[in-house]
Amino acid sequence: MNPKHFIKSLTITLLIVIVPVVFAQNNCLRFNNSHHCMAISNVNHIPERNITIEFWFRTQTANGGLFSVTAQEIVFNDYDRSIYLQNGRLFQYTWTPNRNETIQSQNADWNDGRWHHYALVLQDNQGQRMYVDGNLQASGNLDGSGFDWADRFEIGYTRQVNYFTGDMDELRYWSRPLTQDEIRALKDVPLRGDEQGLIAYYRFDEGQGQSVADDSQNNFPMRLGAQNGQDAGDPQWVSPGAPISGAVAEISARVMNFRPLAVGRSSILSLTLSNLAQIIADLYALNYRFTDMGGAPNWLRIAPVAGIIPARQQVQIRFTADAQDLQPGRYQRTVRLTTNARDYLQVDIPVTLTVCAGMGRMFGQVTDARNREPVEGVLLAAAADYDLSATTDEQGFYEFVDLAAQEYTFNIIKADYLPIRGFNIDVPSNDEREQNFALLHSVCEPRPARLEFAVPTDDVLRTTLAIRNP
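**Student:** Could you clarify how one ought to interpret the pattern of salt bridges in this entry?
**Tutor:** Side chains bearing opposite charge may pair, as long as their charged atoms lie close to each other. Taken as a whole, this structure holds 20 salt bridges when the rule is applied. Put simply, glutamate 432 and arginine 361 hold a salt bridge, and the shortest N to O gap is 2.8 Å. With glutamate 432 in strand S35 (residues 432-434) and arginine 361 in strand S29 (residues 359-368), this residue pair connects regions lying 71 residues apart in the sequence. What makes glutamate 432 partly exposed here is its relative accessible area of 43%. Exposure remark for arginine 361: the relative accessible area of 26% places this residue in the partly exposed category. Where salt bridges share partners, they join Arg30, Arg58 and Asp167 into one cluster.

**Student:** Would you mind showing me how to read the sheet that holds strand S19 (residues 249-251) here?
**Tutor:** An order of S19-S22-S26-S24 is seen for the 4 strands of this open sheet, with the pairing classed as antiparallel. In this open sheet, the two strands that pair with only one neighbour each are S19 and strand S24 (300-303). Across the sheet, the mean angle from the axis of one strand to that of its neighbour is 20 degrees, orientation sign disregarded.

**Student:** Looking at this model, I keep getting lost on the packing of aromatic side chains. Mind explaining?
**Tutor:** What characterises a pair of aromatic rings is the spacing of the ring centres plus the angle enclosed by the ring planes. In total, this model carries 17 aromatic pairs according to the counting rule given. Between tyrosine 157 and tyrosine 163, the ring centres sit 4.7 Å apart and the planes meet at 45 degrees, which makes this aromatic pair tilted. Arranged with centres 5.9 Å apart and planes meeting at 70 degrees, the rings of tyrosine 288 and phenylalanine 290 form a pair that is edge-to-face. Accessibility expressed as a relative area gives 6% for tyrosine 288, which makes it buried. Under the relative-accessibility criterion, phenylalanine 290 is labelled buried at 2%. In this structure an aromatic cluster arises from ring pairing among Phe55, Phe57, Phe67, Tyr118, Phe153, Tyr173, Tyr202 and Phe204. We note arginine 361 situated over the ring of phenylalanine 363; from NZ or CZ to the ring centre the distance is 4.2 Å.

**Student:** Would you take a moment to explain the sheet that holds strand S33 (residues 407-413) for this structure?
**Tutor:** Strands pair in a sheet through their backbones, by hydrogen bonds, and they do so in one of two ways: parallel or antiparallel. The strand order S31-S30-S33-S34 describes an open sheet built from 4 strands, whose pairing is antiparallel. On the outer flanks of this sheet lie strand S31 (389-391) and strand S34 (420-426), each paired with one strand and no other. Pairwise comparison of adjacent strand axes, ignoring direction, gives a mean angle of 25 degrees for this sheet. Judged from the 5 bridges that link them, S33 and S34 form a sheet pairing that is antiparallel. When the sheet's bridge partners are listed, isoleucine 412 is paired in S34 with isoleucine 420.

**Student:** Can you help me understand the nonpolar core in this one?
**Tutor:** A general trend in soluble globular proteins is that nonpolar side chains are found buried together. Counting 40 residues, the largest nonpolar core has Phe55, Phe67 and Tyr173 as its most contacted members. No other element matches strand S3 (residues 51-58), which puts 4 residues into this core. In this view, phenylalanine 55 contacts Leu66, Phe67, Ile83, His116, His117, Tyr118, Met168, Asp169, Glu170 and Leu171; residues no more than four positions away in its chain are not counted. Residues Leu261, Trp299, Ile309 and Val355 belong to the second largest nonpolar core, which totals 30 residues.

**Student:** What exactly am I supposed to notice about the environment of arginine 49 here?
**Tutor:** Tracing the sequence through the fold places arginine 49 in the loop between strand S2 (39-42) and S3. The exposure class of arginine 49 is partly exposed, given its relative accessible area of 37%. When the C-alpha atoms of arginine 49 and glycine 146 are compared, they prove to be 8.7 Å apart, with 97 residues separating the residues in sequence. With residues near it in sequence (within four places) discarded, arginine 49 still touches Leu122, Asp124, Asp143 and Gly144. A polar contact is formed between the side chain of arginine 49 and the side chain of aspartate 124, at a distance of 3.1 Å. There is a polar contact of 3.0 Å between the side chain of arginine 49 and the side chain of aspartate 143.

Thresholds applied
Residues numbered from 1 in each chain as written. Predicted model: local features only at pLDDT ≥ 70, side-chain atom pairs only at ≥ 80, totals over all residues. Heavy atoms only, no water. Salt bridge = Lys/Arg side-chain N within 4 Å of Asp/Glu carboxyl O. Helix = DSSP H or I, 4+ residues; strand = E, 2+ residues; numbered from the N terminus. Buried < 20%, exposed > 50% of the residue type's maximum accessible area, 1.4 Å probe, protein only. Pairing = 2+ DSSP bridges. Axes fitted to C-alpha atoms, helices over the stretch in contact; angles between N-to-C directions. Phe/Tyr/Trp six-rings, centres within 6.5 Å; stacked < 30°, edge-to-face > 60°. Lys NZ or Arg CZ within 6 Å of the ring centre and 35° of its normal. Core = buried A, V, L, I, M, F, W, Y, C linked by side-chain atoms within 4.5 Å. Contact = heavy atoms within 4.5 Å. Polar contact = N/O pair within 3.5 Å; in protein donor to acceptor, adjacent residues only side chain to side chain.

Right under this line is the structure:
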């Protein structure tokens, strides 16, 4: 019996699961000087030697506790590695059974309402160091803590000055002392979470709820507030957070030089702005803006002037020079590019334009000087800081149309031929100029091909060698 006779119909149901792309938000925590306003994370064991603690903060209040480590079972008010503000100055306290040490920042204006990056470093035989915004602010002799039973972090509070009013973001605890170069390189960018020695990492990007994820590989979640339930004293989620960006910018040119233009003409140059970041998330998007810093006459237009470039994408920026209202002469201005990429926070791009009275045409043929045959593929390029070039066709002909009337210096180059460099050509206004070139082969044929001499000891031989280019 054939089974196919029993199949009347077949229905296939496909379950299609659509996984949304989740974009990371740049949020932070806002503390309000409340006794409930603490963020607590229970950690199995917090290293106390060879460590780095770093975070971002922003406040306009002169006093407030930023960070400390403590224990669930408090004995004798146990707090250590305390970081706090007092009268606008930053302090860093480290405890050992034998002695304590507090170091303080040189500056006393860290409550200026702007974001600042803080890093505490403890290192064997090197002592403790305080870095603010990547710069060394203070150092001490104590190279480790004696508080080896600590098992939780607290932010927004320290025993010395109590509670904090302001914003905090990007808390990281490392089990190794970062160098100053590492601090500067890592402070402005999001981490992957699997970096060597990263014990705990809190981005504070959730934007809601009572829990903060640990984005390291150790999974030590953080609870907001003094109790599990929400209340009015809890830290608040606000946006935007600290200036953290994973965007990686690249521009195709740092100088924009237009080829000469005649009065009344216009020209366009393109610049490619790329975001080389690979992670599709808001923190990796490239924000950019171009600002024309030049004054009158305003002969330059830029489009688009600002925007956002997602990771792995690029945009073409059009620079348009308009000589409609310009007199003959050389013009310069500066365009400033600002982005959120750490290597391109601000880049000044010089832009130049030469305006001439009229236009002309230049044409001609390039041949082999020996046999008068046309030479294909010869490059004729102006020796200038702008792009002006042409290549000969099969018959050796080239042409420059709508060439601004002025004097040019050309280089004529072709493989296996001697180049012609620094050839000056004057292009007439509203006229044409024919200019032909004959290239010589770069072949050396010595005759005879070999010379042999017998020279007695301590004697001198003088002879003449002639080299001819046939």
